[in-house]
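Reading the structure
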Amino acid sequence: ANEVRSAAITEVLNRSAAPTAEIRPLSEIWATDVFNLDKMEEALSKNAFKAVKKTVKTGEPLDPATADIVAAAMKDWAMSKGAKFFSHVFYPLTNITAEKHDGFIITNADGNAITEFTGSLLIKGEPDGSSFPNGSLRMTNAARGYTAWDPTSPAYIMHTANGATLMIPSVFMSWTGESLDKKIPLLRSNAAMDAAARRVLELMGETEIAPLNASCGPEQEYFLIDQHLATQRPDLLLAGRTLFGAPPAKGQEFDDHYFGAIPERVQVYMQAVEEKLYRLGIPAKTHHNEVAPGQFEIAPYHETANIAADHQQLIMTVLKATAAEHGFLCLLHEKPFAGLNGSGKHVNWSVGNETQGNLLDPGTSPEQNLNFLLFCGAVIRGVHKFGPLLRAVIATASNDHRLGANEAPPAILSVYLGDQLEAVFEDIKNGCVNPSADGGEMDLGLSQILNFKRDPGDRNRTSPFAFTGNRFEFRAVGSSQSITGPLTAMNTMLADSLHWIADKLEVELKAGKTHAAAVADVLKELMELHGNAVFGGDGYSSEWHEAAVAERGLRNLPTSADALPVFTEPEVVELFEKSGVLSAVELNSRYEVYSEQYINSIAVEAKLVIDLAKTVIYPAALKYASELATTISAAQALDASFDAGQVKVIAENANGLLETVAQLSTELARHDFADTAAHMKHCATVIRPLMEAARVYVDTLETEVDDAAWPLPKYRELLFIK
Ligand code: ADP
Ligand code: MG
């Protein structure tokens, strides 16, 4: 290795031991940094607690007097934990969180420091809206945005080495009330789903129906790279992925990493992460190695979707911050290394309530089975009708590298049910399920469903959207993404399907049919219209890619440039408007912001390719080639049979590289596009292929140039040195 790389490796080998903490039992640390209902009950009068509990459970506004009492109690609690500042935390249309910090401090007439935190400060904040992406939502005369406390997600404390801050989960909207964030649509989509589900359940004869909520357990994949090596890679620092890098002699071909013993240093890191998560009331539940070397996974136990989404943002923050403390760089990028598995975020999703339970659980009684079949059918219809939307909500420049590759779900949305359930729906479609004579249950369907295995062994890992026993798992979501977009889309499409089902059920029931007969009829029609989305085969195969489009009529949207315009399609605009989740203007702002993000992230990478090619790779290759040429001439003077071919190979690739990046510069400078969609298309079809072409030259050079002269840490070093 060259000097810089050697020095970095030496640093890794000489690193001091990871920081160790006192080991404390879970009961002592669980949610200590969260102002949850227990803490409120301790701090508040009976009446104030009753009022705030109602707000927490329902999201209803607090009356101003109680808000003042809650704010004072929250401040006292936070200050007792060392907090001097508070911040509304919100989720702008980026994949990260935003915060604006304010002190509790004010001074009185005598110049003494006192503290203040009123109900109105708790409830509303006013960050400058102009510095966040807003599409064309924010008119220049209304630059302000404001944040409002989301009482359904508890406040918490974030610690640093020198202090602590009270964090208040919030929504973020424009002065005119439009959502500028990711939380508002999620909350609205839950309400839409609740209303639609309630309609169906009432028609099914349910009398007591508690509020329905979506639940979510997101599995997060990530890579850990030693910081000393990572900092020698400008691409990892700026783009979060390697833009160059020849494949190492050893990759993931031995499958020796998955579920293998976790390296000690990584385990110490994981435990430090979990320690922090537990204090924040986040139920981290599993951790293990993933398929690629250096790749790992963490998954919390599932929670209400809104809280799961806030917690998922915190998990990403904690993973990154803790990595730095342990000398790692944590990569959440979907495809940090070419040729190795990428990282996803499997979004496990179900809907339910306290009275009917999880409606995606087949349950044990016939009534539960009918409800289950309806909700499951609603999901099938949703995936069929709005598959392109599901593709659009996971469309990012980084996730495009992963989808459709041979280790990640395809960009075509289909739904996997498992053999048993697929057979049941197939029977329903073919009209083979008959309501029994006494007006009771369906014969065939029920007997199969009742025996349904909760955790079917026939898991299909190639499906983008799979039923996994009591929930659906959206597996195509990218590892760096917020889960709010996928959750909002799933809730909304479910709401739409449940209304469609309710409309049909109403007619059937009015005509005097039994519940079982009505369900069979409605689902038969549903399957005839939408059964094409059900697919149990190999989603990675090229046959499926062809058949899905040609025979099933499903849409294949391989890049974000293909997928993002779905946000502007009439059915999608109507879906969001009708459900009250996003107005046409709000939806269009998402299209504009996400398109811009796609274009910008590709531009950043392309600039980096040009920069590294010209100032790092080419000089190293040229220097080595000239040394080699000198050495070869000297050698040839002694023995003419020494071959100079390698100099020529290096020259060809170095020249090819320069030409390619010159072309890339020209294409990057183009701005004469008819619209955003055309600009995106240019990124996908011209910029990206040129970056790939440049990469081939660089990776070839890496295999030709003396290891001691190669300037960037190699894959084998990044992946295997810990
Ligand atoms: P896998 O076998 O898919 O890797 P994991 O145990 O890693 O499973 O993660 C499964 C995730 O699904 C967990 O977060 C778990 O809490 C979540 N989960 C389980 N049941 C439900 C449910 N009914 N609704 C939503 N999420 C669920
Ligand atoms: Mg899973």
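Heads up: these notes are all about the structure in this document. (Residues numbered from 1 in each chain as written. Chains lettered and ligands numbered in written order. Predicted model: local features only at pLDDT ≥ 70, side-chain atom pairs only at ≥ 80, totals over all residues. Heavy atoms only, no water.)

Turning next to the overall build of the protein chain. From N to C terminus, the protein chain includes 23 helices and 18 strands. Computed over the C-alpha atoms, the radius of gyration of the protein chain is 28 Å, within 12% of the 27 Å expected from 2.2 N^0.38 for a compact globule of 722 residues. C-alpha atoms of the protein chain, sized along the principal axes, occupy 100 × 80 × 55 Å. Out of the 722 residues in the protein chain, the part that is buried amounts to 54%. Within the protein chain, residue pairs in contact and separated by at least 24 positions form 75% of the contacts whose partners lie at least 6 positions apart. (Helix = DSSP H or I, 4+ residues; strand = E, 2+ residues; numbered from the N terminus. Rg over C-alpha atoms; globule rule 2.2 N^0.38 Å. Buried < 20%, exposed > 50% of the residue type's maximum accessible area, 1.4 Å probe, protein only. Contact = heavy atoms within 4.5 Å.)

Right, let's talk about the coordination of the magnesium ion (ligand 2) for a bit. The coordination sphere of the magnesium ion (ligand 2) contains the protein donors Glu219 (OE), Glu219 (OE) and Glu473 (OE), at a distance range of 2.2 to 2.6 Å. Taken as a pair, Glu219 in strand S10 (residues 213-226) and Glu473 in strand S18 (residues 472-474) lie far apart in primary sequence, 254 residues in all. With relative accessibility at 3%, the residue Glu473 sits in the buried group. (Donors = N, O, S within 2.8 Å, 3.2 Å for Na, K, Ca; no water.)

Another point: the packing of helix H21 (residues 645-668) against helix H22 (residues 676-704). With their axes 9 Å apart at the nearest point, H21 and H22 run at an angle of 160 degrees to one another. With respect to H22, the element H21 is oriented roughly antiparallel. The two elements H21 and H22 meet at a crossing, and its hand is left-handed. (Axes fitted to C-alpha atoms, helices over the stretch in contact; angles between N-to-C directions. Parallel < 35°, antiparallel > 145°, perpendicular 65-115°, else oblique. Left-handed = near helix turned anticlockwise from the far one by under 90°.)

Let us now look at the nonpolar core. In this structure, Phe465 and Phe474 are the most contacted members of the largest nonpolar core, which totals 128 residues. A total of 20 residues in this core trace back to one element, the largest contributor, which is helix H20 (residues 584-638). Residues lining this core come from more than one domain, with at least three contributed by each of domain 1 (1-27 + 218-354) and domain 3 (597-720). Those residues within four positions of Phe474 in sequence are excluded, and the remaining contacts are Lys345, His346, Val347, Leu390, Val393, Ile394, Leu413, Pro464, Phe465, Pro486 and Met490. (Core = buried A, V, L, I, M, F, W, Y, C linked by side-chain atoms within 4.5 Å. Domains from an automatic or database assignment.)

What follows is about the packing of aromatic side chains. Remark: the centre distance and the inter-plane angle together describe each pair of aromatic rings, the angle taken between the planes. Taken as a whole and judged by the stated rule, the model has 18 aromatic pairs. Relative to Trp544, the ring of Phe535 has its centre 3.6 Å away and its plane inclined at 5 degrees; by these criteria the two rings are stacked. Accessibility expressed as a relative area gives 14% for Phe535, which makes it buried. Exposure remark for Trp544: the relative accessible area of 4% places this residue in the buried category. Here a set of aromatic residues connected by ring pairs shows up, and it is made of Phe372, Phe465, Phe467, Phe472 and Phe474. Residue placement shows Lys124 over the ring face of Tyr146; its charged tip is 4.9 Å from the ring centre. Its end group placed over the ring of Phe328, Arg265 keeps NZ or CZ at 4.0 Å from the ring centre. (Phe/Tyr/Trp six-rings, centres within 6.5 Å; stacked < 30°, edge-to-face > 60°. Lys NZ or Arg CZ within 6 Å of the ring centre and 35° of its normal.)

Here we come to the layout of surface pockets. Put simply, the largest pocket is a space of about 1500 Å³. Together, 46 residues line the largest pocket, and Val56, Lys57, Thr58, Gly59 and Thr152 are the ones closest to its centre. Taken together, the elements giving at least two residues each to the lining of the largest pocket come down to strand S1 (34-35), helix H3 (37-43), helix H4 (46-58), strand S7 (145-149), helix H7 (183-203), strand S13 (303-304) and helix H11 (305-325). Per element, the largest residue contribution to the lining of the largest pocket is six residues, and it comes from H7. Residue composition of the lining of the largest pocket, grouped by class: 27 nonpolar, 13 polar and six charged. Computed from the structure, the second largest pocket encloses a volume of approximately 1200 Å³. If you trace the second largest pocket, you find 50 residues lining it, with Thr94, Asn95, Thr396, Ser398 and Ser480 closest to the centre. With seven residues, the top contributor of residues to the lining of the second largest pocket is H20. (1 Å grid on protein atoms, 1.4 Å probe; cavity = no way out; pocket = protein on both sides within 12 Å on 5 of 7 lines; lining within 4 Å. Points joined across faces, edges and corners; volume = space filled by probe spheres on them. Nonpolar A, V, L, I, M, F, W, Y, C, P; charged D, E, K, R; others polar.)

Residue placement: Ser343 occurs in the loop between strand S14 (328-331) and strand S15 (345-353). Within the local environment of Ser343, its side chain forms a polar contact with the side chain of Gln295, the two groups lying 3.1 Å apart. The residues touching Ser343, leaving out its near neighbours within four places in the chain, are Glu221, Tyr222, Phe223, Gln295, His333, Glu334, Arg402, Gly478 and Ser479. (Polar contact = N/O pair within 3.5 Å; in protein donor to acceptor, adjacent residues only side chain to side chain.)

Moving on, we come to empty space enclosed by the protein. Tallying each qualifying case throughout the model produces four cavities of 30 Å³ or more. Counted as a void, the second largest cavity has a volume near 70 Å³. Residue lining of the second largest cavity: 13 residues in total, with Tyr91, Asp310, Gln313, Ser482 and Thr484 positioned closest to the centre. Those elements that provide at least two residues to the lining of the second largest cavity are H7 and H11. For the lining of the second largest cavity, the leading source of residues is H11, giving four residues. Taken together, the residues of the lining of the second largest cavity sort by class into four nonpolar, six polar and three charged. Two domains each provide a minimum of three residues to the lining of the second largest cavity, namely domain 1 (1-27 + 218-354) and domain 2 (31-180).

All right, on to the environment of Asp63 then. Tracing the backbone shows Asp63 in the loop between H4 and helix H5 (64-80). Within the local environment of Asp63, its side chain forms a polar contact with the side chain of Thr66, the two groups lying 2.6 Å apart.

Another point: the pattern of salt bridges. Enumeration according to the criterion identifies 33 salt bridges in this entry. Residue Lys54 is joined to Glu60 by a salt bridge in which the shortest nitrogen-to-oxygen separation is 3.3 Å. (Salt bridge = Lys/Arg side-chain N within 4 Å of Asp/Glu carboxyl O.)

Looking now at the packing of H20 against H22. Two elements in contact, H20 and H22, have axes separated by 10 Å at closest approach and are oriented at 25 degrees. One element, H20, and the other, H22, form an angle in the roughly parallel class. Here H20 and H22 pass one another in a crossing that is left-handed. For the contact of H20 with H22, the residue count by class is 18 nonpolar, three polar and three charged.

Attention shifts here to the environment of Asp33. Examined against the element boundaries, Asp33 turns out to sit in the loop between helix H2 (26-29) and S1. Considering only alpha carbons, one finds Asp33 and Trp77, 44 residues apart in sequence, at a separation of 9.6 Å. Here Asp33 is in contact with Trp77, Lys81, Ala155, Tyr156, Ile157, His159, Arg279 and Leu280, once residues within four sequence places are set aside.

Here the focus is the pairing of S7. Burial within S7 is extensive, with five of its five residues counted as buried. Side chains Gly145, Thr147 and Trp149 project from S7 onto one buried face, and the interleaved Tyr146 and Ala148 project onto a second face that is buried too. In this structure, strand S6 (residues 124-125) lies alongside S7, joined through two bridges in antiparallel fashion. The partner of Gly125 across the bridge, within S7, is Thr147. (Pairing = 2+ DSSP bridges.)

Counting through the fold element by element, Thr568 comes out in the loop between helix H18 (560-563) and helix H19 (570-579). C-alpha separation for the pair Thr568 and Leu62, spaced 506 residues apart in sequence, amounts to 37 Å. Once residues lying within four places of it in the same chain are set aside, the contact partners of Thr568 are Val573, Asn588 and Tyr591.

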